[in-house]
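Single-letter residue listing:
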Amino acid sequence: MQNINFSNKKALVRVDFNVPLDKKTFAITDDTRIRAAIPTIKYILDQGGSAILMSHLGRPDEKLLPDGSIDVARFTMNHTVAHTAELLGVPVLFCEEFVGPKAAAMAAALQPGQVLILENTRFLKGEGKGDVELAKTLASYGDIYINDAFGSAHRAHASTTTVAQFFSAENKGFGFLMKAELDNADRVLNNPERPLTAIVGGAKVSDKILLLDRMLDYVDNLIIGGGMAYTFVKAQGGQIGNSLCEDDRLELANQLVAKAQAKGVKLLLPEDSLVADAFSNDANRKVVASNVIEPGWMGLDVGEKACAEFSATILNSKTLLWNGPMGVFEFENFAKGTQTIAESVAKATANGAFSLVGGGDSVAAVNQMGLADEVSYVSTGGGAMLELLEGKVLPGVKAIKE
Ligand code: 3PG
Ligand code: MG
């Protein structure tokens with residue numbers, strides 16, 4: 001976007017203001033994504049332009065009111081207006097329409113230095129379908145299109161992708177957040193300093209099959225923790241008691257282990273686990289080897305030996321990629337594994353390693369542990385970062401480059 005002249009121009013900016021809200025008051029509970037887009041908006045205003053912001057908030061189509069209409073009170077972008085104005089330090093206008101006569105009139109009347117937020121892009125069905133007519137009308141509101149919505153770049157929607165085709169190459173570009181996200185992912189995917197270690201956790205193998213498979217093509221070490229580790233332990237012949245397991249993925253787990261061996265990737269599973277006799281913070285707990293978990297017990301966190309082994313590998317790495325927690329860190333008694341990994345990643349970073357944390361839960365973990373400032377980069381994308389690390393070309397990125 002630095003090559004674009006914004007003076008007296010209207011910039012249509014796709015942001016990802018899909019932030020978590022308090023269920024009752026609709027107050028923003030984490031404003032990370034809004035703060036992350038502020039530099040782009042400020043830059044446009046400083047250059048003498050105006051900004052028309054568009055974003056989705058939640059999935060209104062999946063939570064319709066009993067009469068089949070949209071729950072506007074819950075999903076309106078208006079929930080983000082006051083806070084955006086506060087962060088920008090300028091008033092922000094709101095239009096209760098995404099596309100239509102009111103939106104067109106407000107966009108047309110916008111003056112340099114002004115900011116307008118349009119209503120939730122997902123209030124119109126055409127958004128999710130990438131509708132061309134919708135995108136064309138939308139495009140008529142602005143002179144320039146900027147995509148700064150990294151978190152939504154994996155969606156081929158009207159406002160993230162289709163709209164870009166109505167702007168010439170000189171009049172469209174990435175915002176600063178999008179650029180930073182792509183550059184940081186690039187640093188891991190292309191020419192990383194080695195050893196490169198990926199730490200993958202979370203409940204299910206099935207969510208991350210493609211990720212694990214692709215990672216084996218470019219990492220030196222792959223640490224697997226969290227619930228998904230037990231599918232691997234069982235596949236290798238271990239007893240996992242009542243731990244999470246996807247029985248239909250056992251063969252796949254073994255294939256991944258074989259691929260790691262063939263590629264010379266060191267695959268680390270938790271040697272021991274902190275097991276519980278119920279899925280509860282107050283359950284009885286003990287540390288056992290991960291492959292001899294008795295019936296009635298389940299692994300809810302990695303054990304001490306696993307922590308030590310994982311940490312040693314992390315501290316020995318020059319590039320780190322972390323996606324997914326090591327255990328049920330929402331339960332205080334089962335947060336130690338995730339905490340240890342977060343601290344080790346922070347320590348390795350202090351020693352000069354480059355660390356990228358991506359994926360909703362691991363981001364929540366580093367935030368909860370107060371370590372977000374001690375890793376190199378925390379991604380604002382969940383699904384988008386995952387798809388990027390899987391080696392996919394994101395539609396929102398492609399649309400700008402074409
Ligand atoms: C997200 O939070 O994942 C992005 O904002 C995209 O939202 P979606 O998953 O509902 O498409
Ligand atoms: Mg998502």
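Keep in mind the model is a prediction, meaning the values are calculated, not measured.

Calculation notes
- Residues numbered from 1 in each chain as written.
- Chains lettered and ligands numbered in written order.
- Predicted model: local features only at pLDDT ≥ 70, side-chain atom pairs only at ≥ 80, totals over all residues.
- Heavy atoms only, no water.
- Near = heavy atom within 4 Å.
- Polar contact = N/O pair within 3.5 Å; in protein donor to acceptor, adjacent residues only side chain to side chain.
- Areas by Shrake-Rupley, 256 points an atom, 1.4 Å probe, with all protein chains shown as cover.
- Phe/Tyr/Trp six-rings, centres within 6.5 Å; stacked < 30°, edge-to-face > 60°.
- Helix = DSSP H or I, 4+ residues; strand = E, 2+ residues; numbered from the N terminus.
- Buried < 20%, exposed > 50% of the residue type's maximum accessible area, 1.4 Å probe, protein only.
- Contact = heavy atoms within 4.5 Å.
- Pairing = 2+ DSSP bridges.
- Axes fitted to C-alpha atoms, helices over the stretch in contact; angles between N-to-C directions.
- Core = buried A, V, L, I, M, F, W, Y, C linked by side-chain atoms within 4.5 Å.

Trainee: Teacher, can you tell me more about the site of ligand 1 here?
Mentor: In the vicinity of ligand 1, the contacting residues are D16, N18, R33, H56, R59, R122, G151, S152 and R155. R59 is positioned with one of its side-chain polar atoms (N or O) 2.6 Å from an oxygen atom of ligand 1. The protein chains hide 85% of the 300 Å² of surface that ligand 1 would expose on its own.

Trainee: Just checking my understanding: could you explain the packing of aromatic side chains for this structure?
Mentor: Two aromatic rings, taken as a pair, are described by how far apart their centres are and by the angle between their planes. The final tally for this structure, using the stated rule, is 5 aromatic pairs. Measuring from centroid to centroid gives 6.2 Å for F6 and Y43, while their planes differ by 90°, and the two rings are edge-to-face. With F6 in the segment before β1 (10–14) and Y43 in helix α1 (residues 32–46), this residue pair connects regions lying 37 residues apart in the sequence. With respect to burial, F6 and Y43 carry one shared label: buried.

Trainee: Explain helix α3 (residues 81–88) here, please?
Mentor: Since the α-helix packs 3.6 residues into each turn, any two residues three or four apart lie on the same face. Among all positions in α3, only V81, H83, T84, A85 and L88 are buried. Lining the buried residues of α3 we find α1, β2 (50–54), β3 (92–95) and β4 (115–118). At the C-terminal side of α3, G89 shows a positive phi close to 75°.

Trainee: I keep staring at the sheet that holds β1 and nothing clicks. Help me out?
Mentor: Across a sheet, paired strands are connected by hydrogen bonds in the backbone, their directions being either parallel or antiparallel. Spatially, the 6 strands line up as an open sheet ordered β3-β4-β2-β1-β5-β6, and their pairing is parallel. Of all the strands in the sheet, just β3 and β6 (172–174) have a single pairing partner and so form its edges. If you compare each strand with its neighbour and ignore which way they point, the axes differ by 25° on average. Where β2 and β4 come together, 3 bridges link them in parallel fashion. Counterpart to A51 in the pairing with β4 is V115. Strands in contact with α1 are β1, β2, β4 and β5 (144–147); relative to β2, the strand with the most contacts, it is inclined by about 150°.

Trainee: I'm lost on the environment of N281 in this one. Help?
Mentor: One can find N281 in the loop between β11 (272–276) and β12 (285–289). C-alpha of N281 to C-alpha of A85: the two residues are 196 residues apart in sequence and 40 Å apart in space. Residue contacts for N281: discarding those within four places in its chain leaves F331, E332, N333 and F334.

Trainee: For this particular structure, what's the right way to read the nonpolar core?
Mentor: What tends to happen in soluble globular proteins is that the nonpolar side chains get buried as a cluster. By size, the foremost hydrophobic cluster in this structure holds 65 residues, and its most contacted members are L118 and L222. If near-sequence neighbours (up to four positions away) are discounted, L222 is found in contact with A198, V200, L212, M215, L216, V265, K266, L267 and L268. In this structure, V13, V15, I34 and I41 belong to the second largest nonpolar core, which totals 28 residues.

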